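# Close look at the chain arrangement
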Amino acid sequence: MGGETRVVDLSHVVVAGMTTYPGLPGPEITDHLSRADSRGRYAPGTEFQIGRISMVANTGTYLDTPFHRFGDGADLAGVPLSGLVDLDGVVIRAERRAVGAADLSPYRALIPGRAVLVHTGWDRHWGTVEYADPGHPYLTAEATELLAALRPAVVGIDSVNIDDMADLSRPAHTGLLAAAIPIIEHMTGLDRLPDRDFRFHGAPIAVAGMGTFPIRAYALVGRRE
């Protein structure tokens, strides 16, 4: 019998009114059917709550599919689950603003087919004005080109944007999604993961005609024999 598996949550909690990306509205979380209103519909002592949420797709920790950038790309319903769950993972430690190809090169042999999670430490600013600072970490165009060539299953980052927000051509989104490599933004907790030897899971619901949606990203660390 091996050691117990440790579950590491890599997603931010979604709460009403929160800010994920500057300029986008926060989610509205309300009752569609409150517990009090439900009591007249069921037997005495039986009650339910049915919630309602109104939000933009880019809320919390979310997955970008190719459709987010390209009209003919795979949407949330078209991206295969096999590329999002039960993946070998690797964490790239790069606590700098511009994460370049040189930061990725030591991991070249570990990148193909894996969930590549870029740990910058920027999640420490979540919920503050600093989180949206233009000096946030991002992947350079050269790093994107290397990743696209090495073909990871998915690429995640714990920053406000995988691109430099000042670069409106969005080279990281463009290069990765053109290569059918989904992107996860606004991750957290990557400091709690080992560099490798974990299994990654991060799937959205299958919505046709949408390119982005929140996920519950998590990792399983340790193996049961």
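If you're wondering where the values come from, they're calculated on a predicted model, not measured in any experiment.

On to the pattern of salt bridges, then. Inspection of every chain in the model, using the stated rule, returns 7 salt bridges. Between Arg199 and Asp88 there is a salt bridge whose closest N-O contact spans 2.6 Å. Residue Arg199 is located in strand β11 (residues 198-201), and its partner Asp88 is located in strand β5 (residues 87-93); the two are separated by 111 residues in the primary sequence. Look at Arg199 and you get partly exposed, because its relative accessible area is 24%. With its nearest N and O atoms 2.8 Å apart, the salt bridge here joins Asp195 to Arg93. In this pair, Asp195 sits in the loop between β10 (183-185) and β11 while Arg93 sits in strand β5, placing the two residues 102 residues apart along the sequence. Using a relative accessible area of 39% as the deciding quantity, one classes Asp195 as partly exposed. Taking the relative accessible area as the measure of exposure, Arg93 reaches 28% and is therefore partly exposed. Here the salt bridges do not stand alone but share partners, grouping Asp86, Asp88 and Arg199 into one network.

Basis of the calculations
- Residues numbered from 1 in each chain as written.
- Predicted model: local features only at pLDDT ≥ 70, side-chain atom pairs only at ≥ 80, totals over all residues.
- Heavy atoms only, no water.
- Salt bridge = Lys/Arg side-chain N within 4 Å of Asp/Glu carboxyl O.
- Helix = DSSP H or I, 4+ residues; strand = E, 2+ residues; numbered from the N terminus.
- Buried < 20%, exposed > 50% of the residue type's maximum accessible area, 1.4 Å probe, protein only.

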